[in-house]
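A structural walkthrough
Given next are the chains, with one letter for each unit.
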Amino acid sequence: MKENAPMTMKDIARELGISVATVSRALKDSPRISEERRRVIQQFAREHNFYPNVIGEALRHSRVASSKIIGVIVPEFTHYYFSSILTGIEEAAMAHGYYIMVALSNEQYEREARICEMFHRQKVCGVIVSQAKDTRQYDHFQKLLDSQIPIVFYDRICTGVNASRVVVDDYMGAFNAVTYLIETGCRRIAFYGSPMQLEISKNRFNGYKDALLKRGLPFDEQLMRICDNRQDAELITPDMFDGDRYPDAFFAVNDDTAIGILYTVKRMGLRVPEDISICGFTNGQRAVACDPMLTTVEQRGKRVGEEAAEILIDKVEGRSPIEKVEKRIVRTRLIIRGTTR
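Computed from a predicted structure; not experimentally measured.

So, how was this worked out
Residues numbered from 1 in each chain as written. Predicted model: local features only at pLDDT ≥ 70, side-chain atom pairs only at ≥ 80, totals over all residues. Heavy atoms only, no water. Buried < 20%, exposed > 50% of the residue type's maximum accessible area, 1.4 Å probe, protein only. Helix = DSSP H or I, 4+ residues; strand = E, 2+ residues; numbered from the N terminus. Pairing = 2+ DSSP bridges. Right-handed = clockwise from strand over helix to strand, strands pointing away. Phe/Tyr/Trp six-rings, centres within 6.5 Å; stacked < 30°, edge-to-face > 60°. Axes fitted to C-alpha atoms, helices over the stretch in contact; angles between N-to-C directions. Contact = heavy atoms within 4.5 Å. Parallel < 35°, antiparallel > 145°, perpendicular 65-115°, else oblique. Nonpolar A, V, L, I, M, F, W, Y, C, P; charged D, E, K, R; others polar. Lys, Arg positive; Asp, Glu negative; His and termini not counted. Salt bridge = Lys/Arg side-chain N within 4 Å of Asp/Glu carboxyl O. Polar contact = N/O pair within 3.5 Å; in protein donor to acceptor, adjacent residues only side chain to side chain. Left-handed = near helix turned anticlockwise from the far one by under 90°.

Take the pairing of strand β4 (residues 151–154) next. Burial along β4 is two-sided: the residues Ile 151 and Phe 153 and Val 152 and Tyr 154 are all buried. Taken together, the three bridges between strand β3 (residues 126–129) and β4 define a ladder with parallel strand orientation. Residue pairing across strands places Ile 128 opposite Val 152, the latter belonging to β4. Considered for its hand, the β-α-β crossover made up of β3, helix α7 (residues 139–146) and β4 is right-handed. Pairing of β4 with strand β5 (residues 164–168), which is carried by three bridges, proceeds in the parallel orientation. Bridge pairing links Phe 153 to Arg 165 in β5.

Counted under the stated rule, the structure contains 14 aromatic pairs. When the ring of Phe 141 is compared with that of Phe 153, the centres are 5.0 Å apart and the planes differ by 90°; the resulting orientation is edge-to-face. With Phe 141 in helix α7 and Phe 153 in strand β4, this residue pair connects regions lying 12 residues apart in the sequence. Residues Phe 251 and Phe 281 carry aromatic rings whose centres are separated by 6.2 Å and whose planes lie at 70° to one another, so their mutual orientation is edge-to-face. On the criterion of sequence distance, the pair formed by Phe 251 in strand β8 (residues 249–252) and Phe 281 in strand β9 (residues 277–282) is long-range, its members being 30 residues apart.

With that out of the way, let us pick up the sheet that holds strand β11 (residues 327–330). Strand order in this open sheet of six strands is β2-β1-β3-β4-β5-β11, and the pairing throughout is parallel. Bordering the open sheet on either side are β2 (99–104) and β11, each of which pairs with just one other strand. Averaged over all adjacent pairs, the angle separating strand axes in this sheet is 20°, with direction ignored.

Along the chain, the position of Val 167 falls in strand β5. Using a relative accessible area of 16% as the deciding quantity, one classes Val 167 as buried. Once you skip the residues sitting within four places of it in the chain, Val 167 turns out to touch Asp 155, Ile 157, Arg 328, Ile 329 and Val 330.

On to the sheet that holds strand β10 (residues 295–298). Here we have six strands laid out as an open sheet, ordered β7-β6-β8-β9-β10-β12, and mixed in their pairing. At either end of the open sheet lies a strand with only one pairing partner, and these are β7 (224–226) and β12 (333–335). On average, each strand axis in the sheet is inclined to that of its neighbour by 20°, with strand direction left out of account. Where β8 and β9 come together, three bridges link them in parallel fashion. Bridge pairing in β9 links Ala 249 to Ser 277.

Packing of helix α2 (residues 20–27) against helix α3 (residues 35–47) leaves a shortest axis separation of 9 Å and a crossing angle of 90°. Looking at the two axes, α2 sits roughly perpendicular to α3. Here Thr 22, Val 23, Ala 26 and Leu 27 of α2 lie close against α3, whose contacting residues are Arg 37, Arg 38, Ile 41, Gln 42 and Ala 45. For the contact of α2 with α3, a count of residues per class yields five nonpolar, two polar and two charged.

The next subject is the side chain of Asp 248. The topology assignment puts Asp 248 in the loop between α10 (230–236) and β8. It turns out Asp 248 is buried and unbridged, and the closest side chain with the opposite charge, Arg 341, is 4.9 Å from it. Within polar-contact distance, the side chain of Asp 248 engages the backbone nitrogen of Arg 187 at 2.8 Å. For Asp 248, the residues in contact, after removing those within four places along its chain, are Gly 185, Cys 186, Arg 187, Arg 188, Ile 189, Asp 275, Ile 276, Ser 277 and Arg 341.

Next up on the list: unusual backbone geometry. Excluding glycine, residues mostly have negative phi values, and the peptide bonds linking residues are mostly trans. Pro 273 follows Val 272 through a cis peptide bond whose omega is 10°. Looking at where Pro 273 falls in the secondary structure, it is placed in the loop between α11 (255–267) and β9. The phi angle at Asp 155 is positive, at roughly 60°, despite the residue not being glycine. By the element assignment, Asp 155 lies in the loop between β4 and β5. A positive phi angle, close to 60°, is found at Arg 300, a residue other than glycine.

Here the focus is the packing of helix α1 (residues 9–16) against α2. To characterise two packed helices, one gives the angle between the axes of the helices and the distance between these axes. At a minimum axis distance of 8 Å, the contact between α1 and α2 shows a crossing angle of 110°. With respect to α2, the element α1 is oriented roughly perpendicular. Between α1 and α2 lies a crossing whose hand is right-handed. Here Met 9, Lys 10, Ile 12 and Ala 13 of α1 lie close against α2, whose contacting residues are Val 20, Val 23, Ser 24 and Leu 27. Here the residues of the contact of α1 with α2 are counted per class, giving six nonpolar, one polar and one charged.

Mapping Ile 33 onto the fold places it in the loop between α2 and α3. Ile 33 gets classed as buried once you look at its relative accessible area, which sits at 8%. Between the C-alpha atom of Ile 33 and that of Thr 22, which follows or precedes it by 11 residues, the distance is 7.3 Å. Apart from residues no more than four positions distant in its own chain, Ile 33 is found in contact with Thr 22, Arg 25, Ala 26 and Arg 38.

Here it is as structure tokens:
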């Protein structure tokens, strides 16, 4: 088996010295396999993160199964936000009798394009997708639309194709958060954001900048960094304190980045929030697992997923024309905790 390649039933059979048919029957709890052997095979599969492709089996054995399968592309699983969106999509889909087929783009354009091609071959009824960070060509999305396969974008929308989308109010979420930082006495607020080709990055940056300008504070490019993960935040943040005019607050594009800032400034001997205020954007589980707990903008990911699934299913079932572009915005709210004054 190649390194990092997903394990297959053939791999399990070879490792255990049994036939592929025996593995298949054991994973399906067939009474033709002894209970002890089933237990051994199933435990081995779990320990090696193998799960049978139930949807793939359905596609191979049923011509109508494909009409009830929704393809979902997730850019990464490290963020709580994406897993909460996935929960919303799955619950809404199951409520209407649909299944989801989930694929990870790993923030790579080429992988995203291959997934779209696979979804097309598998004849999924529609696709729900958040665009990868480095995607700058959109032919793979347009091909799906040209084949009458509806697409709904969530979180990171694609402006290169005319398709429905569900987003949170990124601009107002950032605007309100930065306004609150200013109201609590912060004057030099740093911004850590994602690459600016992403619409969410532009919207959150614009909200940040407009909040400064509305309160009479200058925008300083020296306080802006492209940084959207904890590792980079821990590397970059110490440099922000070189010189005399360092930040008294940080607004980060997501919670992981904000937590990276938090632990870095604490290691530097600065007090939070007395010396430095920090605000994130997500309100995931990690926001309440840090010390102090993180002030953040709640995105309501599950609701985003539910809305995306509802739009797609309406198109699949003919209640809404495939070519009709729907744009829905899920409202955010600021959750104030211990990292701000």
